[in-house]
Amino acid sequence: MIWYIRLGLLFALSFGLVLYQSDLHTITQEVESPLKWEDQLRISLQEYQVKIYKIPKVGESFSTIHEGEEVEIKIIETDEKSVAKWVLTGYPHHQSVELTLVHKEAEPKTKIEIKSFCKPDLVSRLVCASFSPSKNKSKIETWAASILGAPNNR
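Treat the numbers as computed from the prediction; the structure is a model and nothing was measured.

Undergrad: Describe the overall build of the protein, naming the residues involved and giving the relevant values.
TA: Summing up its helical and strand segments, the protein has three helices and six strands in all. Out of the 154 residues belonging to the protein, those deemed buried represent 35%. Looking at the protein as shown, the accessible area adds up to about 9400 Å², and 60% of this sits on carbon and sulfur atoms.

Pasting the structure below:
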């Protein structure tokens, strides 16, 4: 009987360690795309706002409903040739989600990176440890396949 208690305590300790360290998830992927940089940026922002006529400037923000939640999107950095970064706030279990697109001029490749920062409470950490990595990976695969118009390159 004592071995069951020891094994249970070992499991609880390791599970607690996983929850404690699950505050940031980063997923990165490089894809080849036949589209120009402006088109890639416009199409990737159209996932959040349906009609985008111009690429937003640094500091601009807009609210939209994404995945059933009212989310505010703030543009942190945009470069006309290579980098775009924006932050989503308003998800119930995430403090913020950073999305970065980096275009390499020499090659027709675009690097997509998603960083999600989890809230510090126990329920949010449980949700982030369980669902956040797979959700972010599926979002990157969706971008690579449909939005950027490129096949998956793993």
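Undergrad: Can you explain the confidence of the model for the protein? Please cite residues and give values.
TA: Of the residues in the protein, 86% reach a pLDDT of 70 or more, and the chain-wide mean stands at 77. Considering only residues more than four positions removed or in separate chains, one finds that residues 150–154, a stretch of pLDDT under 50, has 15 contacts.

Undergrad: Now, about the nonpolar core: what can you tell me, with residues and values included?
TA: In this structure, Ile-73, Trp-86 and Leu-88 are the most contacted members of the largest nonpolar core, which totals 19 residues. Elements represented by at least two residues in this core include exactly helix H2 (37–45), strand S3 (69–78), strand S4 (83–89), strand S5 (94–104) and strand S6 (109–118).

Undergrad: Can you lay out a negative patch on the surface for me, pointing to particular residues and giving the numbers?
TA: A cluster of acidic side chains, namely Glu-38, Glu-77, Asp-79, Glu-80 and Glu-105, defines a negative patch on the protein surface. Within the secondary structure, Glu-38 is located in helix H2. By relative accessible area, Glu-38 is classed as partly exposed at 35%.

Undergrad: With reference to specific residues and values, describe the packing of aromatic side chains.
TA: Summed over the entire model, instances satisfying the criterion amount to one aromatic pair. Geometrically, the ring pair formed by Phe-11 and Phe-15 is stacked, given 6.0 Å between the ring centres and 15 degrees between the ring planes. With Phe-11 and Phe-15 both in helix H1 (residues 2–20) and four residues apart, this pair spans about one turn of that helix. Of the residues examined, Phe-11 reaches a relative accessible area of 59% and is grouped as exposed. Positioned above the aromatic ring of Trp-3, the side-chain terminus of Arg-6 is 4.9 Å from the ring centre.

Undergrad: So what's going on with the sheet that holds S6? Residues and values would help.
TA: Strand order in this open sheet of six strands is S1-S6-S5-S4-S3-S2, and the pairing throughout is antiparallel. The open sheet is flanked by strand S1 (24–32) and strand S2 (61–66), the only strands paired with a single partner. Taking each pair of neighbouring strands and ignoring which way they run, the sheet shows an average axis angle of 20 degrees. Relative to S6, S1 runs antiparallel, the two being bridged by nine bridges. If you follow Val-31 over to S6, its bridge partner there is Thr-110.

Undergrad: I'd like a rundown of the side chain of Arg-125, residues and numbers included.
TA: Checked against the element boundaries, Arg-125 lands in helix H3 (residues 122–147). The exposure class assigned to Arg-125 is buried, which follows from its relative accessible area of 15%. A polar side-chain atom of Arg-125 sits 3.4 Å from the main-chain carbonyl oxygen of Pro-120.

Undergrad: With reference to specific residues and values, describe the environment of His-103.
TA: Structurally, His-103 can be placed in strand S5. Considered as a pair, His-103 and Lys-36 are 67 residues apart in the sequence and their alpha carbons are 9.5 Å apart. Sequence-distant contacts of His-103, that is, excluding residues within four places in its chain, are made with Trp-37, Gln-40, Lys-81, Ser-82, Lys-109 and Thr-110. For His-103, the side chain forms a polar contact with the side chain of Thr-110, separated by 3.3 Å.

Undergrad: So what about the environment of Ile-114? Which residues, and what values?
TA: When you line up the elements, Ile-114 lands in strand S6. Considering only alpha carbons, one finds Ile-114 and Thr-100, 14 residues apart in sequence, at a separation of 6.5 Å.

Undergrad: Talk me through H2; I want residue IDs and the actual numbers.
TA: One turn of an α-helix holds 3.6 residues; hence residues three or four places apart share an orientation. Taken together, the buried positions of H2 are Trp-37, Gln-40, Leu-41, Ser-44 and Leu-45. The arc that holds the buried residues of H2, viewed along the axis, is 120 degrees, so those residues lie on one side.

Cut-offs and rules
Residues numbered from 1 in each chain as written. Predicted model: local features only at pLDDT ≥ 70, side-chain atom pairs only at ≥ 80, totals over all residues. Heavy atoms only, no water. Helix = DSSP H or I, 4+ residues; strand = E, 2+ residues; numbered from the N terminus. Buried < 20%, exposed > 50% of the residue type's maximum accessible area, 1.4 Å probe, protein only. Areas by Shrake-Rupley, 256 points an atom, 1.4 Å probe, with all protein chains shown as cover. pLDDT = per-residue confidence, 0-100. Contact = heavy atoms within 4.5 Å. Core = buried A, V, L, I, M, F, W, Y, C linked by side-chain atoms within 4.5 Å. Patch = residues over 30% accessible without salt bridge, like charges linked within 9 Å, V, L, I, M, F, W, Y side chains within 5 Å. Salt bridge = Lys/Arg side-chain N within 4 Å of Asp/Glu carboxyl O. Lys, Arg positive; Asp, Glu negative; His and termini not counted. Charge placed at Lys NZ, Arg CZ, Asp CG, Glu CD. Phe/Tyr/Trp six-rings, centres within 6.5 Å; stacked < 30°, edge-to-face > 60°. Lys NZ or Arg CZ within 6 Å of the ring centre and 35° of its normal. Pairing = 2+ DSSP bridges. Axes fitted to C-alpha atoms, helices over the stretch in contact; angles between N-to-C directions. Polar contact = N/O pair within 3.5 Å; in protein donor to acceptor, adjacent residues only side chain to side chain. Arc of directions from axis to C-beta.

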